[in-house]
Every structure is written in C-alpha cells, then in structure tokens.
Amino acid sequence: MKPVVTFMLTCLLVLAGCQSMPDKNPANEQNSESMPASADGRDQNVVFISSQHCLSEYLSDQSRVHYGPCLKIISVDGNAPQVRDDGFLELPVATATTLGTSCVYRHADGSPIPATMETTDFHVTPNTFTKPGQRWYLHAHRQARQVIGCEPTLSRSKSPTQATD
C-alpha cells in the first residue's frame, strides 16, 4: 500500500511542478504570441472581419437546426486574404476596400450544395468601419432560411440579422 501512495504523491509533485513552469514566450517579451493584439498596438487602426461564416437558425416547432448559407471571403482588393489564426482578417479603418465573397447553401445535414455556389463583391466604404478593434461578421444573407442568392450583410453578431417567421 505504501508504494502506491508514494507513487501518487510523486505524480502530483511532478504535475504541480510542470504547471508552475514559465511560458516559453512570456507576455512581457517583445513579439510574444501570448500577448493580446490590443496590448501591442496592432489593432489601433484595424477592424477584424470573420473570413468565413455560416448562418443557422434553430426551429423550435421542428426541434432542429436549419443550416443556412455560408459565406467565405475569397479576396481583398483582388488579392488572397491574409487570415489570422483566429479566422479573422484585419482591415484598415476608414478605407475603401472590395471584398470578393463566395456563398453556398447547405443541405439539411449541413453539407454544402455545390450547385448553389455563387460569388459577389462586397464594397467597404471609408464610412463602413470607423471604430478600430471591433469584430465584424459578413453574412451571406439577412436571414438563415427562405432566401436565395448571395447578398452579403455586415453585422456585429454571429446570428442572422433577421429571424425567419
């Protein structure tokens, strides 16, 4: 019985020691990845927009989720987008930009319907983004169901801007 207790105590001490070890890149070092973006000044003149986003809506009368259209940003001013690790793009505040988008609708199981894919441009004006550091979502449409086509809609919320009746 005594060897089991000794083994368990040893494991706990090793585990506690590993948890108290310092990070490889402490937050007070320059170019630290553990430092939030706002701490190093990177978000002073940019907003963050989700590079891809899918709409869905819970149908309480049917007790299921309806999978709406998905939108993906495929270009920024004709160039491939630079997507961050968190899935967002950085766009400069108060700057005109054209976002190339691709929209696709989904089957009831959430898989894409390739025949419904279409592309369209979304034009950002200098007045679109005025406050730096905010996160935005570009939806394929205003609501998740009973819609057709690709009509990008900008929102601060992950949810559709309109609920379907």
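Residues numbered from 1 in each chain as written. Predicted model: local features only at pLDDT ≥ 70, side-chain atom pairs only at ≥ 80, totals over all residues. Heavy atoms only, no water.

Quick word on the packing of aromatic side chains
Here the structure, examined in full by the defined rule, presents two aromatic pairs. With centroids separated by 5.7 Å and ring planes inclined at 70°, the aromatic side chains of phenylalanine 88 and tyrosine 137 adopt a geometry described as edge-to-face. Of this pair, phenylalanine 88 sits in strand E4 (residues 88–92) while tyrosine 137 sits in strand E7 (residues 135–139), and the two are 49 residues apart along the sequence. For the residue pair phenylalanine 88 and tyrosine 137, the accessibility class agrees, reading buried in each case. (Phe/Tyr/Trp six-rings, centres within 6.5 Å; stacked < 30°, edge-to-face > 60°. Helix = DSSP H or I, 4+ residues; strand = E, 2+ residues; numbered from the N terminus. Buried < 20%, exposed > 50% of the residue type's maximum accessible area, 1.4 Å probe, protein only.)

Quick notes on the pairing of strand E1 (residues 46–50)
Counting buried residues in E1 gives five out of five residues, a clear majority hidden from the surface. Every second residue of E1 is oriented toward a common face, with Val46, Phe48 and Ser50 on one face and Val47 and Ile49 on the other, all of them buried. Bridge count for E1 against E7 is two bridges, and the pairing is parallel. Residue pairing for E7: isoleucine 49 is matched across the bridge by tryptophan 136. (Pairing = 2+ DSSP bridges.)

Some thoughts on the state of the cysteines
Taken as a whole, this structure holds two disulfides when the rule is applied. Disulfide pairing is shown between cysteine 54 and cysteine 70; the S-S distance is 2.0 Å. Across the S-S bond linking cysteine 54 and cysteine 70, the dihedral sits near 110°, which makes this disulfide right-handed. Of this pair, cysteine 54 sits in strand E2 (residues 52–59) while cysteine 70 sits in strand E3 (residues 64–76), and the two are 16 residues apart along the sequence. (Disulfide = S-S within 2.5 Å.)

On their own, these measurements won't tell you what the molecule is for.
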